[in-house]
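Summary of the model geometry
Single-letter residue listing:
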Amino acid sequence: MAKSRGGEDYTSRQIQVLKGLEAVRKRPGMYIGSTSARGLHHLVYEVVDNSIDEAMAGHCELVTVVLHPGDVVSVVDDGRGIPVDVHPTENVPGVEVAMTTLHAGGKFDKSSYKVSGGLHGVGVSVVNALSEWLEVEVLRDGRRYNQRYERGVKTKELEDVGPARGTGTQVVFRADPEVFTELAYDAAILAARLRELAFLNKGLEILLRDERTDEETEEKFRYDGGLSEFVSYLRGSRQPIHEEVISFEASKPEAEIELAMQYDEGFSENTHTFVNNISTHEGGTHLTGLKAALTRTVNDYARKNNIFKKDESLSGDDVREGLTCVLSVKVMEPQFEGQTKTKLGNSEVRGAVEASVNEHLAAFLEENPRAAKAVIEKSLQAARAREAARKARDLARTKSGLEGGVLPGKLADCSIADPALSEIYLVEGDSAGGSAKQGRDRSFQAILPLKGKILNVEKARIDKILSNDEIRAMVTAIGAGIRDDFDIERARYHKIIIMTDADVDGAHIRTLLLTFFFRQMRALIDGGYVYIAQPPLYRVRKGKTERYAYSDAERDREIAKLSNGKAPKGISIQRYKGLGEMNPEQLWKTTMDPDARTILRVTVESASAANDIFSRLMGDEVAPRRAFIEKNARYVRNLDV
Ligand code: 0RA
């Protein structure tokens with residue numbers, strides 16, 4: 001029996017490998033978060049991350065992701081190739097160690113600065129375990145090698161298949177239909193993450209090719225400007241107030257730090273932070289350091305240059321209004337905390353970020369007095385608007401406004417008091433609102449009809465937002481405050497369900513509502529409280545049998561079923577253009593009954609995707625918004641907020 005240097009014999013290692021990968025197959029959710037579409041896409045990220053590591057080490061320039069027919073994906077890079085020589089302690093080729101050992105990453109390259117990692121950072125062996133089959137090919141030392149696995153079990157030894165030029169690694173796999181509920185990749189979701197990775201790793205080229213249809217498409221992501229280009233992209237069509245993007249890179253013992261930022265005429269703050277290429281939605285020490293430095297540096301500059309009137313100063317919110325900012329740090333041993341493990345905990349990073357932002361931002365302001373003046377003017381305006389809003393809010397409170405238990409007149413509340421069991425439908429239009437009120441189960445379902453288009457909060461300051469009737473009705477009904485005052489613990493419902501018509505106007509209203517929640521009650525989205533109702537598109541009827549269809553394909557299937565192979569005769573099809581065309585009973589049966597309905601939970605999948613949608617759609621350019629809404633009028637899932 002072959003003894004390895006580590007003292008383990010070959011058989012016991014095989015048993016260990018099987019046990020490890022078996023654990024992954026038993027509880028896939030523990031390793032990749034879910035076995036739905038989200039987990040499926042994580043498989044690709046996991047493989048790509050290995051190539052990104054190779055790029056960060058300076059050995060890889062191109063990563064190509066291809067979606068093949070039959071739910072097969074391949075990821076190819078031009079890195080050094082995974083080592084193929086026999087591993088000193090594991091006694092099998094290095095590539096086999098990578099494919100079969102959980103967290104193999106550090107096992108054979110301790111010295112390298114390995115910092116990337118998928119959301120879960122679990123390594124390619126997890127992908128191997130969860131794939132119906134996986135083939136890996138390595139180009140190295142002038143040879144081509146390959147190996148195959150099925151459900152994590154090796155079915156072919158590593159083989160030298162002949163001479164080859166260049167170096168690199170290719171991983172091809174098909175996710176296991178026994179594990180995943182969904183096998184179809186959404187190119188738009190992959191593109192959003194690959195674009196983000198390309199911004200975060202300047203100069204790296206990432207290609208996404210979709211070969212699943214005759215119309216083959218390829219997207220290329222490569223940004224030599226890195227984070228500065230990321231900021232321009234995120235800013236979209238909003239008008240900048242100073243010409244150049246402010247940016248710097250700093251290397252500290254605690255972290256590698258990269259920052260880019262620019263102010264524009266908008267009113268929202270768009271800060272995105274990343275740790276080792278992972279989006280830190282929940283912030284953490286790096287963000288705290290950045291915020292502290294921004295507030296301090298801008299105030300110091302204004303004071304030193306006598307720009308403030310007596311007593312004036314700027315709050316953190318003031319200096320971040322209209323700011324688009326990306327902070328990316330690389331940390332050796334990141335500690336991720338928080339509900340979704342997207343909050344950086346390493347305390348030493350705070351000071352490192354704070355000091356370097358102080359230094360570089362102060363230098364920028366000194367060297368660019370015109371830009372400095374524009375930034376401080378803008379922040380002072382924000383401060384004044386905030387003061388006006390505070391007064392308006394105080395007034396509103398005392399006048400039975402946002403707080404104090406007086407619910408809006410048009411709210412039909414539910415009778416139970418437990419928020420965890422209560423839901424509120426935000427319904428487009430008074431007539432659909434009326435049907436919903438009659439059709440609902442009043443014990444746990446509340447209805448709030450909304451009139452027409454709601455205010456576009458992306459284009460309005462807080463004082464104007466708070467004076468809008470529809471918004472005030474939502475804020476009081478939900479009962480948890482707004483913005484800085486928002487406290488999810490006080491929410492009166494744990495399901496907030498947006499119910500709009502299945503047409504372009506309905507999609508627009510839905511987007512406006514989502515923008516509102518995203519900007520003003522973000523915790524509702526993060527907490528998974530916001531949903532989108534799915535009313536049917538068609539009613540298909542033959543005699544006494546009636547069926548509801550939620551897509552064209554479903555309609556065709558229902559017609560086929562009712563006609564049973566014969567030509568469709570005596571079948572009537574009604575297309576619902578609006579909720580108002582359904583009577584209360586139909587609305588209940590198709591859209592509101594928890595036992596029969598489908599509702600989509602709104603999640604923030606990717607910070608830049610969310611921002612892309614909200615800022616681009618809600619900003620000034622009408623054309624991209626129109627195109628987007630039409631394309632996605634029905635498929636809200638693609639909104640992916
Ligand atoms: C360990 C060591 C070396 C390269 C890699 C891993 C590597 C892994 C992956 C996974 C996907 N693509 C990859 N490319 C490289 C370096 C070995 C050497 O020193 O040549």
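Definitions and limits used
- Residues numbered from 1 in each chain as written.
- Predicted model: local features only at pLDDT ≥ 70, side-chain atom pairs only at ≥ 80, totals over all residues.
- Heavy atoms only, no water.
- Helix = DSSP H or I, 4+ residues; strand = E, 2+ residues; numbered from the N terminus.
- Expected span 1.5 Å × (residues − 1).
- Buried < 20%, exposed > 50% of the residue type's maximum accessible area, 1.4 Å probe, protein only.
- Pairing = 2+ DSSP bridges.
- Near = heavy atom within 4 Å.
- Polar contact = N/O pair within 3.5 Å; in protein donor to acceptor, adjacent residues only side chain to side chain.
- Areas by Shrake-Rupley, 256 points an atom, 1.4 Å probe, with all protein chains shown as cover.
- Nonpolar A, V, L, I, M, F, W, Y, C, P; charged D, E, K, R; others polar.
- Salt bridge = Lys/Arg side-chain N within 4 Å of Asp/Glu carboxyl O.
- Contact = heavy atoms within 4.5 Å.
- Core = buried A, V, L, I, M, F, W, Y, C linked by side-chain atoms within 4.5 Å.

**A look at helix 10 (residues 347-367)**
- In this model, helix 10 (21 residues) spans 31 Å end to end at C-alpha, consistent with the 30 Å of a helix rising 1.5 Å per residue.
- All of the buried residues in helix 10 are V349, A352, V353, E354, S356, V357, N358, L361, F364 and L365.

**A short note on the pairing of strand 9 (residues 246-251)**
- Of the two faces of strand 9, the one holding I246, F248 and A250 is buried and the one holding S247, E249 and S251 is not buried anywhere.
- In this structure, strand 9 lies alongside strand 10 (residues 256-263), joined through 6 bridges in antiparallel fashion. What sits directly across from S251, in strand 10, is E256.
- Between the end of strand 9 and the start of strand 10, which pair antiparallel, lie 4 residues.

**What to know about the site of the ligand**
- What surrounds the ligand is a group of 11 residues, the closest being N50, E54, D77, R80 and R140.
- A distance of 2.6 Å separates a nitrogen atom of the ligand from a polar side-chain atom of D77.
- At 3.0 Å from an oxygen atom of the ligand is found a side-chain nitrogen or oxygen belonging to R140.
- When isolated, the ligand has an accessible area of 460 Å², and the protein chains bury 81% of it.
- Looking at side-chain class alone, the shell around the ligand contains 3 nonpolar, 3 polar and 5 charged residues.

**Topic: the pattern of salt bridges**
- Applying the stated rule across the entire model yields 41 salt bridges.
- A salt bridge links K304 to E366, with the nearest nitrogen and oxygen atoms 3.2 Å apart. Of the two residues, K304 is situated in helix 8 (residues 285-304) and E366 in helix 10; the sequence distance between them amounts to 62 residues.
- Residue K561 pairs with E558 through a salt bridge whose shortest N-O separation is 3.6 Å. On the criterion of helical spacing, the pair formed by K561 and E558 is a turn pair, its members being 3 residues apart in helix 17 (residues 552-563).
- According to the relative accessible area criterion, E558 is buried, its value standing at 8%.

**Considerations on the environment of L455**
- Looking at where L455 falls in the secondary structure, it is placed in the loop between strand 18 (445-450) and helix 13 (462-466).
- Distance from L455 to I465, taken between C-alpha atoms, is 7.4 Å for residues 10 residues apart in sequence.
- Excluding its chain neighbours within four sequence positions, the residues that come into contact with L455 are A460, K464, I465, N468, I471 and L512.

**Regarding the nonpolar core**
- With 62 residues, the main nonpolar core has M99, F173, F180, Y185 and F230 as its most contacted residues.
- Beyond its immediate stretch of four places on either side in the chain, F180 contacts I32, S34, T35, S36, G39, L40, L43, L130 and A175.
- Within the second largest apolar cluster, 44 residues are counted, among which are V457, I471, L512 and F518.

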